[in-house]
Amino acid sequence: MQAPDSFYQFGSVARAVTAYGLTPAFLLWQVVRLHRALHIFQLEGYRRRRFLDWCRSSRSRALFLKARPAKKPMVMTGRAWRLLITSVLLSAMFLLGPAAVLHVTSGSPSDLATWFVMAVMLFFGVPYVVVAADMILSPIQQSINGRYLSAARAKLQRVRPAVVGITGSFGKTSTKFAVAALAGGPETVLATPASYNTPLGVARAINEGLGPQHRVLVVE
């Protein structure tokens, strides 16, 4: 009787451990790290270059191994959810896709080695996964942004408030609220919330908060 092939048995066990143990654990850990990376991406205004520059200048923090206090909390908007889900799907595809192809074409140990190589690349490449997801979703996001901005412009045309813009490097938010208080009460003056200081943030404030009773709009 021929003895069982111990190498084949080892390969089968290794693949089973990878498929049923390491892969789910790694992807769950990846979700946490992607969420942390997405928080920084959101704080950088979803600007890819600024986000990658931050990651290059803060290499240890860019591994996203631990949560750190931030100036503003993460806001899971529709865009954030789309980016997170797409990033997770990309991670799963890169982790399992090449290994699955080699499993069919070459078998063990090439498939297992490829799995570990892709896991290492994903470990260090979390920022690039987020940026890749943003690039993939860019046409969808541009369409959503266009509709959102158009709705805000149309509402401004209907209400026609006097618009006061606050600019500068420091003290914009405090100045904005001081101007709003001097211009009148909340019944007739709308000031954008503290964190709504981007074009889309201002558009959201207009779409959700501006009404016919408002005569002044203060933005930063």
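Residues numbered from 1 in each chain as written. Predicted model: local features only at pLDDT ≥ 70, side-chain atom pairs only at ≥ 80, totals over all residues. Heavy atoms only, no water.

Comments concerning the overall build of the protein
When you go through the protein residue by residue, the secondary structure sums to seven helices and three strands. Beginning at the N terminus, the succession of helices and strands in the protein can be written as α-α-α-α-α-β-α-β-α-β. Taken over C-alpha atoms, the radius of gyration comes to 25 Å for the protein, far larger than the 17 Å a tight globule of 220 residues would show. In terms of its C-alpha atoms, the protein occupies a principal-axis envelope of roughly 95 × 30 × 25 Å. Counting across all 220 residues of the protein, residues that qualify as buried make up 37%. Across the protein, every contact between residues at least 6 apart in sequence was considered, and the portion connecting residues at least 24 apart equals 75%. Counting 25 positive and 8 negative side-chain charges, the protein places the centres of these two groups 7 Å from one another. (Helix = DSSP H or I, 4+ residues; strand = E, 2+ residues; numbered from the N terminus. Rg over C-alpha atoms; globule rule 2.2 N^0.38 Å. Buried < 20%, exposed > 50% of the residue type's maximum accessible area, 1.4 Å probe, protein only. Contact = heavy atoms within 4.5 Å. Lys, Arg positive; Asp, Glu negative; His and termini not counted. Charge placed at Lys NZ, Arg CZ, Asp CG, Glu CD.)

Examining unusual backbone geometry
Positioned with a positive phi, Tyr46 is a non-glycine residue whose angle comes to about 60 degrees. Looking at the secondary structure, you find Tyr46 in the loop between helix 1 (6-43) and helix 2 (48-57). For Tyr46, a relative accessible area of 15% corresponds to the buried category. Phi at Arg160 is positive, roughly 55 degrees, even though this residue is not glycine. Structurally, the position occupied by Arg160 is in the loop between helix 5 (126-159) and strand 1 (162-165). Take Arg160: its relative accessible area is 61%, and that puts it in the exposed class.

Distances and angles like these do not, on their own, reveal function.
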